[in-house]
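The residues making up each chain are set out below.
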Protein chains: 2
Amino acid sequence: MATLKQVAAHAEVSVQTVSNALNAPHRLRPDTLERVNRSIELLNYRPNRNARSLRTSAVELIGYCVPSWPNQTHLVMDQFLHALCAAAETSGRHILLFTAPAAVDGMPTYDDLHARRLVDGFVLSQTETHDPRHGWLKDRQIPFVSFGRVWKETTQPGPWVDVDGAAGSAMAVQHLHETGRRRIAFLGWPQSSGLGEDRLAGWRDRCTELGLPTGGLVVRCAEDTIDEGARATAQLIDSGQPPDGIVALSDILALGALRQLGDRGLTAGADVGVTGFDDSPRASVVSPGLTSLRQPMEQIATELIAILTGTRNDVPSERLLLPELVIRGSSAPG
Amino acid sequence: MATLKQVAAHAEVSVQTVSNALNAPHRLRPDTLERVNRSIELLNYRPNRNARSLRTSAVELIGYCVPSWPNQTHLVMDQFLHALCAAAETSGRHILLFTAPAAVDGMPTYDDLHARRLVDGFVLSQTETHDPRHGWLKDRQIPFVSFGRVWKETTQPGPWVDVDGAAGSAMAVQHLHETGRRRIAFLGWPQSSGLGEDRLAGWRDRCTELGLPTGGLVVRCAEDTIDEGARATAQLIDSGQPPDGIVALSDILALGALRQLGDRGLTAGADVGVTGFDDSPRASVVSPGLTSLRQPMEQIATELIAILTGTRNDVPSERLLLPELVIRGSSAPG
C-alpha cells in the first residue's frame with residue numbers, strides 16, 4: 001500500500017497538493033489534478049477511509065448506481081428513487097447517480113467514486129443471488145447499505161433493508177382464503193431466484209397452515225412477462241382441477257393471469273381471485289384493479305439512509321419490513 | 001443585494017470563512033458552516049455566478065429533479081436517467097438527483113442547490129405548457145438545459161433538446177400508407193397538451209400530403225390509459241367507417257388499441273396497422289410486437305450535456321432530433 005508521500009513524489013508535487021486533490025480538488029489546476037489522480041491510481045493509493053466518518057463532512061453525497069437495462073421488474077424504480085432522494089435530503093444529504101458495468105466489473109467505479117471523495121457511501125439495490133458487490137465493498141471498508149438481501153448466503157455481507165416476501169405471499173393467501181378460495185395457485189419464477197423462492201415459501205407455508213392443497217398448484221414462468229403469466233394461467237385452468245385463487249410473484253405475471261381469465265370468459269375476482277406483487281402503477285389502472293402487495297418505499301428509504309449515515313441509534317443494521325396488501329377488484333368475491 | 005463582507009459580519013466570521021463555506025465547506029466545523037449558511041440565507045446573499053464557469057471547477061455535478069409522482073407516461077424514465085448519467089460521466093461530470101415541489105414552488109430548491117455550489121447547472125425534463133422553471137432559472141442566470149420545449153411560448157426560455165413529435169407522427173403515417181392503409185386514425189390527448197398537438201399536426205399534415213382523409217378520424221382520450229385507448233378504438237370501429245390504420249400518441253394508447261382489436265376478433269397488423277410512441281419496454285413484449293417511435297436517448301443525453309457544459313462549439317443551443325420508427329408486428333400487412 002502506497003503512502004501519501006510516495007504519491008507526492010511520483011506526481012512531483014507536495015504532500016499538501018495530494019491532500020488537496022483528495023479533499024479540495026477544486027483548488028488545483030485541472031492538469032495538476034489529473035497528474036495527481038494518475039499517480040494515485042498507478043500506485044493504488046487509498047486514503048484512510050476510517051479517518052473520515054460519514055457524519056463529519058459538510059456536504060454528503062450518497063452514490064446510487066442507475067440500472068443499465070430496461071427491466072419490466074423495476075416498475076417501481078422511479079418511486080424508489082424519489083423516496084431515496086427525499087430521505088437523503090431530510091438528513092441533509094443528496095444522491096449522486098452513476099453508471100457502472102454489472103456485477104464485479106463495476107466495482108472499480110464504486111471504488112473510484114469513494115476514493116475521490118465524490119461520495120461517502122453507497123445504496124445498493126437489485127441485489128442478485130451471490131451478488132459480489134456487497135463483499136467487495138465490505139472488504140474495502142467502503143460504507144454501504146443494501147436494499148435487498150444477498151440470496152443464498154449464510155451470512156449477509158453488510159447491512160440491509162428488505163421487504164418480507166414470504167410474509168407478503170402469506171398475506172395474499174390469507175386474504176384469498178378469507179374471500180372463500182380453497183385452491184390457491186402460485187405463479188413463480190425459476191428456482192435460481194432467491195427472491196422467488198422466498199415468496200414461494202410464504203405461499204406454501206400459509207396454504208399448509210390453512211389446510212389448503214399445494215400439489216400441482218405451482219407454475220414456474222421462464223420470464224417475468226405478461227405472456228408467460230397468461231400461459232401459466234392457461235396451464236392451471238386446463239389442469240382438470242382449476243384454481244379459484246392465484247398468488248402471482250409479480251404484477252406482470254398477475255396481469256398475464258387477468259388477461260388469460262378474460263380470454264376464457266372468466267371474471268377476475270368473482271371466478272378466480274388474483275393478487276400481484278409491487279403495487280406498480282399499472283395495478284391501479286388495469287380493469288378490474290389488481291390486488292397487490294405494496295413495498296413501503298418511504299419507510300425503506302428512511303431506514304436505508306438511517307443505517308448508512310448512522311444517525312439513529314435505534315435502527316438495527318438488518319431490517320425486514322412488511323409489505324402492505326392493497327385490495328382491489330381482482331380479489332373481490334363474486 | 002448583500003455582500004460577502006456583510007455576511008461575514010452577520011455571522012461573526014472572517015470573509016475567508018464565508019468563502020470557505022461556499023467553496024470548500026468541508027473545511028469548516030459543522031456548527032460554523034451552519035451559522036454562515038444561516039446568515040447567507042437571511043441576507044439573501046448570492047455569490048457571483050458568472051465568475052465561475054462550468055468549465056473550471058474540478059468536479060462538476062449536474063442537478064436533475066426526480067419526478068415526484070408515478071406516471072404511466074414516463075415509462076422510459078429509467079432509460080433517460082441511465083443515458084443522462086452516462087453522458088455526464090463521459091464528460092467527467094456526475095448527476096446529482098434531488099426532489100423539489102412541482103412548478104414554481106420547487107424553484108427555491110434549485111436556487112439553493114446552485115447557490116451552495118452543490119451543482120453547476122440543471123437538466124430539466126417533463127416540460128409542461130407554460131412551464132415556469134425555465135424563465136425562472138434564466139432570469140437568475142443559473143445554467144440549465146431542457147429536454148423538451150416549453151409549449152405555447154413564442155420564444156423558448158433557454159436552450160433545449162427535443163424529439164420532433166410531428167415528424168414522428170408523419171413517419172408513422174408514411175409507414176402505414178406504404179403498407180397499404182388508406183384510412184389512418186389518430187388517438188390523441190386533450191388539446192391542452194402542446195406535445196399532443198405537435199404529434200397531431202404531424203399526422204394531419206402527412207395524411208393531407210398523401211391525399212388521405214382526416215375527417216372524423218381523430219379521437220381525443222381524456223387520460224393516457226389502456227382503457228381510454230381501447231374506448232377510443234371502439235369508437236372508431238363503431239363509427240360506420242372504421243380505420244385500417246391507427247397512429248397512437250403513446251404506447252399506452254396503442255396498447256389499448258391492440259386490446260380492443262383483439263376483443264373484436266380483429267388482427268393488429270393484418271386488419272388494422274397500429275403504431276405507438278416511445279418504444280417503451282412493453283412495446284417489444286406485447287403480442288404482436290408494437291411498432292413504435294423510439295426517442296434517441298443516448299443522442300438526447302449527449303446533446304443535453306454538450307449544451308449545458310459548453311464543451312462543443314458545433315452544438316447549437318436548440319436541437320430537434322428525429323425519432324426512429326421501430327417496426328414490429330402491429331403494423332405488418334396481412
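Residues numbered from 1 in each chain as written. Chains lettered and ligands numbered in written order. Predicted model: local features only at pLDDT ≥ 70, side-chain atom pairs only at ≥ 80, totals over all residues. Heavy atoms only, no water.

### Digging into the overall build of chain A
For step 1, the next point in the chain: From N to C terminus, chain A includes 12 helices and 12 strands.
For step 2, the next point in the chain: Judged by the C-alpha coordinates and their principal axes, chain A covers about 80 × 35 × 35 Å.
For step 3, the next point in the chain: Burial analysis of chain A (334 residues in total) assigns 55% to the buried set.
For step 4, the next point in the chain: Sequence separation of at least 24 residues holds for 66% of the intrachain contacts in chain A that already meet a minimum separation of 6.
For step 5, the next point in the chain: Roughly 13700 Å² of accessible area belongs to chain A as shown, and the carbon and sulfur atoms make up 49% of that amount.
For step 6, the next point in the chain: For chain A, the separation between the mean place of its 32 positive charges and that of its 38 negative charges on side chains is 5 Å. (Helix = DSSP H or I, 4+ residues; strand = E, 2+ residues; numbered from the N terminus. Buried < 20%, exposed > 50% of the residue type's maximum accessible area, 1.4 Å probe, protein only. Contact = heavy atoms within 4.5 Å. Areas by Shrake-Rupley, 256 points an atom, 1.4 Å probe, with all protein chains shown as cover. Lys, Arg positive; Asp, Glu negative; His and termini not counted. Charge placed at Lys NZ, Arg CZ, Asp CG, Glu CD.)

### Looking at the pairing of strand β3 (residues 121-124) of chain A
Residues and elements named next belong to chain A.
For step 1, the next point in the chain: Residues of β3 alternate between two faces, with G121 and V123 on one and F122 and L124 on the opposite face, all of them buried.
For step 2, the next point in the chain: Here three bridges tie strand β1 (residues 60-65) to β3, and the two strands are oriented parallel to one another. Within β3, the position partnered with Y64 by the bridge is V123.
For step 3, the next point in the chain: As paired strands, β3 and strand β4 (residues 144-147) are joined by three bridges and run parallel to one another. Counterpart to L124 in the pairing with β4 is S146. (Pairing = 2+ DSSP bridges.)

### Section: the sheet that holds strand β9 (residues 273-277) of chain B
Residues and elements named next belong to chain B.
For step 1, the next point in the chain: Taken in spatial order, the six strands line up as β7-β6-β8-β9-β10-β12 in an open sheet, and their pairing is mixed. With one partner strand each, in any of the chains shown, β7 (218-220) and β12 (324-326) form the two edges of the open sheet. Sheet twist, expressed as the mean angle between neighbouring strand axes with direction ignored, is 20°.
For step 2, the next point in the chain: Note that strand β6 (residues 184-188) and strand β8 (residues 245-248) share four bridges and pair parallel. If you follow F186 over to β8, its bridge partner there is V247.
For step 3, the next point in the chain: Its contacts with the sheet place helix α7 (residues 165-178) against β6, β8, β9, β10 (291-294) and β12, and it is angled at close to 165° to β9.
For step 4, the next point in the chain: The sheet strands contacting helix α8 (residues 194-209) are β6, β7, β8 and β9, and the helix crosses β6 at an angle near 170°. (Axes fitted to C-alpha atoms, helices over the stretch in contact; angles between N-to-C directions.)

### Describing unusual backbone geometry
Residues and elements named next belong to chain A.
For step 1, the next point in the chain: With an omega dihedral of -10°, the bond running from S287 to P288 counts as a cis peptide bond.
For step 2, the next point in the chain: Phi angles above zero are rare outside glycine, and Q126 is one such case at about 50°.
For step 3, the next point in the chain: Locating Q126 in the fold gives a position in the loop between β3 and α6 (132-139).
For step 4, the next point in the chain: On the accessibility criterion, Q126 (23% relative accessible area) is partly exposed.
For step 5, the next point in the chain: Even without being glycine, D278 reaches a positive phi, approximately 120°.
For step 6, the next point in the chain: Relative to the helices and strands, D278 is located in the loop between β9 (273-277) and α11 (281-285).

None of this, on its own, says anything about what the molecule does.
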